[in-house]
Amino acid sequence: MLKTNHKLILASASPRRKELLGMLALPFEVLTSEVEETSVQASSMQEYVKGVALLKTRDVAKKATNATIIGADTIVVDNDELLHKPKSREEAIAHLLRLSNREHVVMTAVAIIEPSGKENIFVEETTVVFHSLSKELIEAYVDSGDPFDKAGGYGIQTIGTLLVKRIEGDYNNVVGLPLAALFSQLVNLQIVQFAKE
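Given the structure is predicted, the values throughout are model-derived calculations rather than measurements. (Residues numbered from 1 in each chain as written. Predicted model: local features only at pLDDT ≥ 70, side-chain atom pairs only at ≥ 80, totals over all residues. Heavy atoms only, no water.)

Novice: For this particular structure, what's the right way to read the UniProt feature "site: Important for substrate specificity" (unreviewed entry) in the protein chain?
Specialist: UniProt records the feature "site: Important for substrate specificity" (unreviewed entry) at Arg16, Thr74 and Gln157, using the numbering of this structure. Look at the named residues: they lie 142 residues apart in sequence, but the longest C-alpha span between them is just 14.3 Å, so in the fold they bunch up. Checking the annotated residues one by one, the ones that line the largest pocket turn out to be Arg16, Thr74 and Gln157. With respect to the helices, strands and loops of the structure, arginine 16 is situated in helix 1 (residues 15-22). Each residue touching arginine 16, except ones within four places of it in the same chain, is listed here: Asp149, Lys150, Gln157 and Val175. Locating glutamine 157 in the fold gives a position in the loop between helix 4 (135-143) and strand 8 (164-168). We classify glutamine 157 as partly exposed; its relative accessible area is 28%. (UniProt positions renumbered as here; feature names shortened; annotations may be inferred. 1 Å grid on protein atoms, 1.4 Å probe; cavity = no way out; pocket = protein on both sides within 12 Å on 5 of 7 lines; lining within 4 Å. Helix = DSSP H or I, 4+ residues; strand = E, 2+ residues; numbered from the N terminus. Contact = heavy atoms within 4.5 Å. Buried < 20%, exposed > 50% of the residue type's maximum accessible area, 1.4 Å probe, protein only.)

Here is the structure:
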C-alpha cells in the first residue's frame, strides 16, 4: 500500500515504537542514541519534549548519512509537572497514587530529520483519565515490575490498561508513537507515497 525511496531509521530502542512503525509495512532500521536526556532545559513541557526528541534524533543523524531519521520522546505530565520513569517501588506507588481518579496528559514529540538536514517536529497530546485506584491494585501492579521502564509509571498497552478509565486522543500516542500523525507528516513531506498497483 505504501512505498518510500528513503532509507528510514527509527532512533529509538523502544520495542513499542518499533512495533508501531512496523505497521506501515515499510523497511526501516533501528539505531539508538546515547544522549543524556536530562541535559534539556525548556520553558514549557511541550518545548522540553521537543528538545529531547530532537536531541535523540540529531544524535542518530550524525551516525547515519543519507537517511531519514525518525525519533520520538514521550512524557507524562500532571498539573504541568513531569512524571519520569520511576526509579524505585516507592516512587512508582507515589506516581500512581497521584494519578488515581484524575486526568493527566501524555505528550509525544516526533522529530523527522531528512537527508538534507531539514528538521520537522510536532507534538501530539492525549488526555488520559484514571480510575480511582485501590492500594491493593497499585501495589500489585508495581510488584509486577511493569511500571519501571515507562514514563509516568504505567503502560497502557500492558496490564497497566486496568488503571485507565478513558482517553481522549490517539491511543498509540500513549503507547509512545502517534502513528496516524506521523504518517500524515511523512506523506506531506513526500517521504512516503501510496504505491500504485
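Novice: Would you mind going over the UniProt feature "active site" (unreviewed entry) in the protein chain with me for this structure?
Specialist: The residues that UniProt annotates with the feature "active site" (unreviewed entry) are Asp73. Turning to its location among the elements, aspartate 73 is positioned in strand 4 (residues 68-78). Apart from residues no more than four positions distant in its own chain, aspartate 73 is found in contact with Arg17, Glu37, Val49, Val52, Ala53, Lys56, Met107, Thr108 and Ala109. Polar side-chain contacts of aspartate 73 include one of 3.1 Å to the side chain of lysine 56. (Polar contact = N/O pair within 3.5 Å; in protein donor to acceptor, adjacent residues only side chain to side chain.)

Novice: Please explain unusual backbone geometry as it appears in this structure.
Specialist: Peptide bonds are, in most cases, trans, and in most cases residues other than glycine have a negative phi. Non-glycine residue asparagine 66 carries a positive phi angle of around 55 degrees. Along the chain, the position of asparagine 66 falls in the loop between helix 2 (45-63) and strand 4. Given a relative accessible area of 64%, asparagine 66 falls into the exposed group. Of note in this structure, asparagine 79 is not a glycine but carries a positive phi near 55 degrees. The residue asparagine 79 is located in the loop between strand 4 and strand 5 (81-83) in this model.

Novice: For this particular structure, what's the right way to read the pattern of salt bridges?
Specialist: Once the charged atoms of two side chains with opposite charge are near each other, the side chains can pair. Taken as a whole and judged by the stated rule, the model has 15 salt bridges. Among the ionic pairs, aspartate 146 bridges to lysine 150, the shortest N-O distance being 3.0 Å. The class of aspartate 146 is buried, set by a relative accessible area of 12%. On the basis of relative accessibility, which here comes to 7%, the residue lysine 150 falls in the buried class. (Salt bridge = Lys/Arg side-chain N within 4 Å of Asp/Glu carboxyl O.)

Novice: Sorry if this is basic, but what is going on with the layout of surface pockets here?
Specialist: Space left empty within the atom packing is revealed by a probe, the size of a water molecule, rolled over the atoms. Roughly 900 Å³ of internal volume is contained in the largest pocket. Every residue lining the largest pocket is counted, 35 residues in all, and those nearest its centre are Glu37, Lys56, Asp73, Thr74 and Lys85. Among the elements of the structure, helix 1, helix 2, strand 4, strand 5 and helix 5 (171-175) are those that each provide at least two residues to the lining of the largest pocket. If you tally residues by element for the lining of the largest pocket, the top one is strand 4, at 4 residues. Across the lining of the largest pocket, the residue classes tally to 15 nonpolar, 10 polar and 10 charged. (Points joined across faces, edges and corners; volume = space filled by probe spheres on them. Nonpolar A, V, L, I, M, F, W, Y, C, P; charged D, E, K, R; others polar.)

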